[in-house]
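Working through the structure, step by step
For reference, the chains in residue letters:
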Amino acid sequence: MSPQPVIRLLLLALCLARPAAALELKIATWNLEWLTLRPLGDPALPENVQPKTAADRALLRAYALQLDADVVAFQEVDGPAAAAEIFPPDRYSLVLTNDRVIQRVGFAIRNGLPFERNPDVVALSITAEGGRSLRSGADITLVLPGGRLRLLNVHLKTGCHGQRLNADTRNCATLQRQVPALQGWLAQRREELAPFVLLGDLNRRMDGRDDFLEALRSVAPLTRATEGQASPCWGGGAFIDHLLAGGPARAWLVPGSLRVMVYREDRSQQDRLSDHCPVSARFRLPD
């Protein structure tokens, strides 16, 4: 046998003997701020909401392609048609909650990543002041060679960013009413010994001894990707968009992988984009 075929056989043997690289996923959360296809003046929209134009949505789509995440947990999206404007169907599969509210939550999952849809966490969609229903949580499981990864995307009540949950305000009282639903979901994942990530717009700063975060951690240990970090979005500030890893996924979170994709436009263009920037982290699943 000539030397060249022997060398090729040796190289093939080395490749087969080499362990497969661990799967690494980029998982992001992004509040798209009143993303809707409804026209200006639609009675379902608040009077102060300026719907994004086709050019605005194209700009957001360009940022989504730049983000290039494997999974995006999005918030404030008015249905699958609006979501598809940002996450094109040739790249992403879309899952949204069955809520009848405009500000729905959901997932864009890169095509080719197998997943299962779980029932919406409707216990989060409590009635707030003015009789408005809040958002359910979107719940999926990624079914991957390295294991299953459960993801819960939430958009919690705003207006109680730093006060204690028992503060004498309606917003804090409403957020406090959402805590048991989250605790129940976490308790189920703990009993299953399941790897999971709770992520989304939690509308809560979690610096210091935060009683909201402590209430969640009392049920299951959690590693917060945003721990000890400040967001550079639109000039900087505390994070309210978070990724919280639990179960075996705590070890899958790649240290130092937190990223915030900031916009190139100045603050005068914020309404064209969103008041939130995409926040992402990487997870390396076992072989």
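From a predicted model like this one, the values you see are computed outputs, not experimental measurements.

Re the sheet that holds strand S14 (residues 279–284)
Spatially, the six strands line up as an open sheet ordered S3-S4-S2-S1-S14-S13, and their pairing is mixed. Edge positions in the open sheet fall to strand S3 (92–96) and strand S13 (259–260), since each of these has one partner strand only. Bridging between S3 and strand S4 (residues 104–110) involves five bridges; their strand directions are antiparallel. Its bridge partner lying in S4, valine 95 is registered against phenylalanine 107. Contacting strand S1 (24–35) and strand S2 (71–77), helix H2 (residues 54–67) crosses the sheet at an angle of about 165° to S1.

Description of the state of the cysteines
For the structure shown, the criterion picks out two disulfides. The disulfide that involves cysteine 233 links it to cysteine 277, with 2.1 Å between the sulfurs. Disulfide cysteine 233 to cysteine 277: torsion about the S-S bond roughly 80°, handedness right-handed. One end of the pair, cysteine 233, is in the loop between strand S10 (230–231) and strand S11 (237–238); the other, cysteine 277, is in the loop between S13 and S14, and 44 residues separate them in sequence. Of the residues examined, cysteine 233 reaches a relative accessible area of 14% and is grouped as buried.

Some words on the packing of aromatic side chains
On inspection of all chains with the given rule, the structure shows six aromatic pairs. An angle of 80° between the planes, with centres 5.7 Å apart, marks the rings of phenylalanine 87 and tyrosine 92 as edge-to-face. We note that phenylalanine 87, like tyrosine 92, is buried. Grouping aromatic residues by their ring pairs yields a cluster made of Trp30, Phe74, Phe87 and Tyr92. One cation-aromatic arrangement involves arginine 189 over tryptophan 185; the distance from NZ or CZ to the ring centre is 4.9 Å.

A word on the environment of leucine 244
Along the chain, leucine 244 turns up in strand S12 (residues 241–246). Filtering out sequence-adjacent residues up to four positions away, leucine 244 remains in contact with Phe196, Val197, Leu198, Leu202, Met206, Leu213, Thr223 and Arg224.

Concerning the environment of leucine 25
With respect to the helices, strands and loops of the structure, leucine 25 is situated in strand S1. We classify leucine 25 as buried; its relative accessible area is 1%. Here the alpha-carbon distance between leucine 25 and valine 179, two residues 154 residues apart in the chain, equals 28 Å. When residues no more than four places from it in sequence are discounted, the contact partners of leucine 25 are Asp70, Leu113, Leu142, Leu144, Ala281, Arg282, Phe283 and Leu285.

Quick notes on the environment of valine 143
Positionally, valine 143 belongs in strand S6 (residues 137–144). On the basis of relative accessibility, which here comes to 28%, the residue valine 143 falls in the partly exposed class. Between the C-alpha atom of valine 143 and that of glutamate 116, which follows or precedes it by 27 residues, the distance is 7.2 Å.

Some thoughts on the nonpolar core
Counting residues in hydrophobic clusters, the biggest one holds 56 residues, and the most contacted among them are Trp30, Phe87, Leu151 and Phe283. Counting residues per element, this core draws most heavily on S1, which supplies six residues. Counting 27 residues, the second largest nonpolar core, distinct from the first, contains Leu124, Leu175, Ala215 and Ala220.

Structural notes on the side chain of arginine 57
Following the sequence through the fold, arginine 57 ends up in helix H2. If near-sequence neighbours (up to four positions away) are discounted, arginine 57 is found in contact with Leu35, Thr36, Leu37, Lys52, Glu85 and Ile86.

With respect to the pattern of salt bridges
Oppositely charged side chains may form a pair once their charged atoms are brought near each other. Here the structure, examined in full by the defined rule, presents 18 salt bridges. For arginine 148, the salt bridge goes to glutamate 116, with nearest N and O atoms at 2.7 Å. Of this pair, arginine 148 sits in strand S7 (residues 147–155) while glutamate 116 sits in strand S5 (residues 115–121), and the two are 32 residues apart along the sequence. Arginine 148 gets classed as partly exposed once you look at its relative accessible area, which sits at 41%. Residue glutamate 116 is classed as partly exposed on the basis of its relative accessible area of 34%. Salt bridges sharing partners connect three or more residues here, namely Arg164, Arg204, Asp210 and Asp211.

Quick word on the confidence of the model for the chain
Note that predicted coordinates carrying low pLDDT should not be read in detail. In the predicted model, the chain carries a mean pLDDT of 92, and 93% of its residues have values of at least 70. Low pLDDT (under 50) marks residues 2–19, which in the prediction has two contacts with non-local residues, meaning those over four places away or in another chain.

Remarks on the side chain of glutamine 75
With respect to the helices and strands, the residue glutamine 75 is situated in strand S2. In terms of polar contacts, glutamine 75 uses its side chain to reach the side chain of threonine 29, at 3.1 Å.

Basis of the calculations
- All chains use their own residue numbering, which begins from 1 and follows the written sequence.
- The model is predicted, so local features are restricted to residues of pLDDT at least 70 and side-chain atom pairs to those at 80 or more, both for listing and for counting; the totals for chains, interfaces and linings are taken over all residues.
- Excluding hydrogens and water, the side-chain values take into account all heavy atoms of the structure.
- Paired strands are those between which DSSP finds at least two bridges.
- Labels follow the DSSP assignment, with helices taken as runs of H or I lasting at least four residues and strands as runs of E lasting at least two, numbered in each case from the N terminus.
- In what follows, residue pairs with any heavy atoms lying within 4.5 Å of each other are defined as contacts.
- Axes, fitted as lines to C-alpha atoms, cover a helix only where it is in contact. Angles between the N-to-C directions of the axes lie from 0 to 180 degrees.
- Throughout, a disulfide means two cysteine sulfur atoms within 2.5 Å of one another.
- Using a 1.4 Å probe on the protein chains alone, a residue whose accessible area is under 20% of its type maximum counts as buried, one over 50% counts as exposed, and one in between counts as partly exposed.
- The criterion for an aromatic pair is that two Phe, Tyr or Trp rings (for Trp, the six-membered ring) have centres within 6.5 Å, with stacked assigned to planes under 30 degrees apart, edge-to-face to planes over 60 apart and tilted to the rest.
- For a lysine, the NZ atom is tested; for an arginine, the CZ atom; a charge sits over a ring if that atom is within 6 Å of the ring centre and within 35 degrees of the ring normal.
- In this text, buried Ala, Val, Leu, Ile, Met, Phe, Trp, Tyr and Cys residues form a nonpolar core when linked through side-chain atoms within 4.5 Å.
- Salt bridges are defined as contacts in which a side-chain nitrogen from Lys or Arg sits within 4 Å of a carboxyl oxygen from Asp or Glu.
- The pLDDT value expresses, per residue, how confident the predictor is, ranging between 0 and 100.
- The term polar contact refers here to a pair of N or O atoms within 3.5 Å; inside protein, the definition further demands a hydrogen-donor-capable atom paired with an acceptor-capable atom, and it admits residues adjacent in sequence only when both atoms are side-chain atoms.

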